[in-house]
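Spelled out from the first residue to the last, the chains are:
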Amino acid sequence: MKQVLVWFICLLTIGVTACSDSDEKNGLQLSATRDKILANGSDEVYFTVTTGGTDVTSAAVIKEQTSGEVLTNGVFVTSVAGTYSFVAEYDGIRSEVVTVVAENGAGFKKNVLVMKFTAIGCTYCPRATHAISQAEEEVPGRICPVSIYGTLGGMKDFMVDEYIESFQKQFKFGSNYPTVVIDHADKWNYSDGIEGMAFAKALNADGKVGIALSTEWNGDDLKVEVKVKGSGKVDYATNLVVAILENNLYAKQTGAETDDDNYHHHVLRYCLTDLYGAEHRIEKGTLNMSEDYVKTFTYPVSSEFKKENLEVVAYVLKSSDKSALNCQKVAAGKKVDYEKL
């Protein structure tokens, strides 16, 4: 009788073990795309829940154990560094724990690209210029101004036909000067100052990419090296735009309030790339926090430009909607490193 009991216990034990192995293979599985992210409020990790090879993520509940936070669409993002533990629940079954570490990383200062479309014959254009100057005083070091000239009243000073015509189509402003566009996306009511909706939005945006610029003269040739890096992995394509600007150009401005208004700054003189960076597309996933995307240009400067008045501006556009992710500028012959938070 004792032998029968012993065999029964052994069989029961084997059965339980077999059942446990089956649960491990066919039970609820929680997986993450990454086990480390940046604690910058924008870097994301995506979770997937499967059972028996079937994706049940949309029907499962994924929660962080300590806080009890339930994830929306299986996505986790945080601005607080730490170790986070997640479990999934579905149809009465609970998954094993999956851990994600959020680390403090190198985010970048977000600068604002301010594109002013103007003309020498434009009576109200000095007002836009004053508003941009005021913004530069209020948020020093965060403005990348670019002035693009068209024509009004037959006055064509500093105009490059192909540039202004292309931008008129892109931003749909016709001959409505001045028009000011923020971050290559939104028109700015400059009378509202930096509190205006477009400007405030740009100031509060995250610096998803950083830009470093190094420029040097070799005779009359200007060598420009541009480096771009992501604050995390950038999961969409971007475009790089690099341009030469000139300061201190003189032309009598219609509507000038002082003689200073007759001196024109940050004037777009030559684009080293195409206007929207399509020829310098950076593919999805290329930009990350550990590697530099590097591009070098050599520009033989025209004799009509004054070398001491030139500056270089570079900005990165999102390929899909052409909005600017970040921008940087530097005087020709100088350099500026990544501006980390």
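One can find the structure itself at the top, above this paragraph.
Computed from a predicted model, the values in this text were never measured in an experiment.

Draft legend 1. Summary view of the overall build of the protein. Broken down by element type, the protein carries four helices and 24 strands. Relative to its length of 341 residues, the protein is extended, with a C-alpha radius of gyration of 28 Å against a globular reference of 20 Å. Considering only C-alpha atoms, the protein reaches an extent of 115 × 45 × 30 Å along its principal axes. Contacts in the protein between residues far apart in sequence, at least 24 positions, make up 67% of those at least 6 positions apart. As presented, the protein carries roughly 17,700 Å² of accessible surface, and 49% of it is formed by carbon and sulfur atoms. Separation between the mean location of the 34 positive side-chain charges and that of the 46 negative ones in the protein comes to 1 Å.

Draft legend 2. Layout of the pattern of salt bridges. With the rule as written, the count across this model stands at nine salt bridges. One salt bridge in this structure joins lysine 201 and aspartate 186, with 3.2 Å as the shortest N-O distance. You can see lysine 201 sitting in helix α4 (residues 197-204) and its partner aspartate 186 sitting in strand β13 (residues 186-187), a full 15 residues away along the chain. Its relative accessible area of 28% is what places aspartate 186 among the partly exposed residues.

Draft legend 3. Highlighting the pairing of strand β9 (residues 98-103). Judged by which residues are buried, β9 turns out to be one-sided: Val98, Val100 and Ala102 face inward and are buried, whereas Thr99, Val101 and Glu103, on the alternate face, are not. Pairing geometry for strand β2 (residues 36-38) and β9, over three bridges, is parallel. Residue leucine 38 lies in a different strand from β9, and its bridge partner there is glutamate 103. Bridge count for strand β7 (residues 82-90) against β9 is five bridges, and the pairing is antiparallel. Bridging from a neighbouring strand, tyrosine 84 pairs with valine 100 of β9.

Draft legend 4. Looking closely at the state of the cysteines. Throughout the structure, instances matching the rule amount to one disulfide. Disulfide pairing places cysteine 122 opposite cysteine 125 at an S-S distance of 2.2 Å. With the S-S dihedral at roughly 95°, the linkage between cysteine 122 and cysteine 125 falls on the right-handed side. Each member of the pair, cysteine 122 as well as cysteine 125, carries the same accessibility label: buried. Cysteine 144 takes part in no disulfide bond, and the closest cysteine sulfur, belonging to cysteine 327, lies 3.1 Å away.

Draft legend 5. Quick peek at the nonpolar core. In terms of nonpolar packing, the biggest core is built from 29 residues, with Leu113, Phe117, Ile148, Phe167, Tyr177, Leu268 and Tyr315 touching the most fellow members. For this core, the leading source of residues is helix α3 (residues 161-171), giving four residues. Not counting chain neighbours up to four residues away, the residues in contact with leucine 268 comprise Val146, Ser147, Ile148, Val160, Tyr163, Phe167, Ala243, Ile244 and Leu245. With 26 residues, the next largest nonpolar core counts Leu222, Val226, Val228 and Phe297 among its residues.

Draft legend 6. View of the environment of alanine 88. Relative to the helices and strands, alanine 88 is located in strand β7. A relative accessible area of 0% places alanine 88 in the buried class. Separated by 23 residues in the primary sequence, alanine 88 and glutamine 65 have C-alpha atoms spaced 10.0 Å apart. If sequence neighbours within four positions are ignored, alanine 88 has contacts with Leu28, Leu30, Val49, Val61, Ile62, Ile93, Arg94 and Ser95.

Draft legend 7. Broad picture of the sheet that holds strand β21 (residues 293-300). Spatial strand order, β21-β15-β14-β24: four strands in an open sheet with antiparallel pairing. Here the strands that pair on one side only, and so sit at the sheet edges, are β21 and β24 (335-336). Relative to β21, strand β15 (residues 221-230) is paired through eight bridges, and the arrangement is antiparallel. Bridge assignment links aspartate 221 to a residue of β21, and that residue is proline 300.

Draft legend 8. Looking closely at the packing of aromatic side chains. Under the criterion given, the structure shown has 14 aromatic pairs. Plain terms: the ring middles of tyrosine 270 and tyrosine 299 are 4.8 Å apart, the flat faces sit at 15° to each other, and that makes the pair stacked. One end of the pair, tyrosine 270, is in strand β19 (residues 267-271); the other, tyrosine 299, is in strand β21, and 29 residues separate them in sequence. Taking the relative accessible area as the measure of exposure, tyrosine 270 reaches 36% and is therefore partly exposed. Counting every residue linked through ring pairs, the aromatic cluster contains Phe117, Phe167, Phe171, Phe173, Tyr177 and Tyr276.

Draft legend 9. How the structure looks around unusual backbone geometry. The linkage connecting tyrosine 177 with the following residue, proline 178, adopts the cis geometry, with an omega of -5°. When you line up the elements, proline 178 lands in the loop between α3 and β12 (179-182). A positive phi angle, near 65°, is found at lysine 322, a position not held by glycine. Here lysine 322 lies in the loop between β22 (310-318) and β23 (324-331). Owing to a relative accessible area of 22%, lysine 322 belongs among the partly exposed residues under this scheme.

Reading guide: rules and limits
- Residues numbered from 1 in each chain as written.
- Predicted model: local features only at pLDDT ≥ 70, side-chain atom pairs only at ≥ 80, totals over all residues.
- Heavy atoms only, no water.
- Helix = DSSP H or I, 4+ residues; strand = E, 2+ residues; numbered from the N terminus.
- Rg over C-alpha atoms; globule rule 2.2 N^0.38 Å.
- Contact = heavy atoms within 4.5 Å.
- Areas by Shrake-Rupley, 256 points an atom, 1.4 Å probe, with all protein chains shown as cover.
- Lys, Arg positive; Asp, Glu negative; His and termini not counted.
- Charge placed at Lys NZ, Arg CZ, Asp CG, Glu CD.
- Salt bridge = Lys/Arg side-chain N within 4 Å of Asp/Glu carboxyl O.
- Buried < 20%, exposed > 50% of the residue type's maximum accessible area, 1.4 Å probe, protein only.
- Pairing = 2+ DSSP bridges.
- Disulfide = S-S within 2.5 Å.
- Core = buried A, V, L, I, M, F, W, Y, C linked by side-chain atoms within 4.5 Å.
- Phe/Tyr/Trp six-rings, centres within 6.5 Å; stacked < 30°, edge-to-face > 60°.

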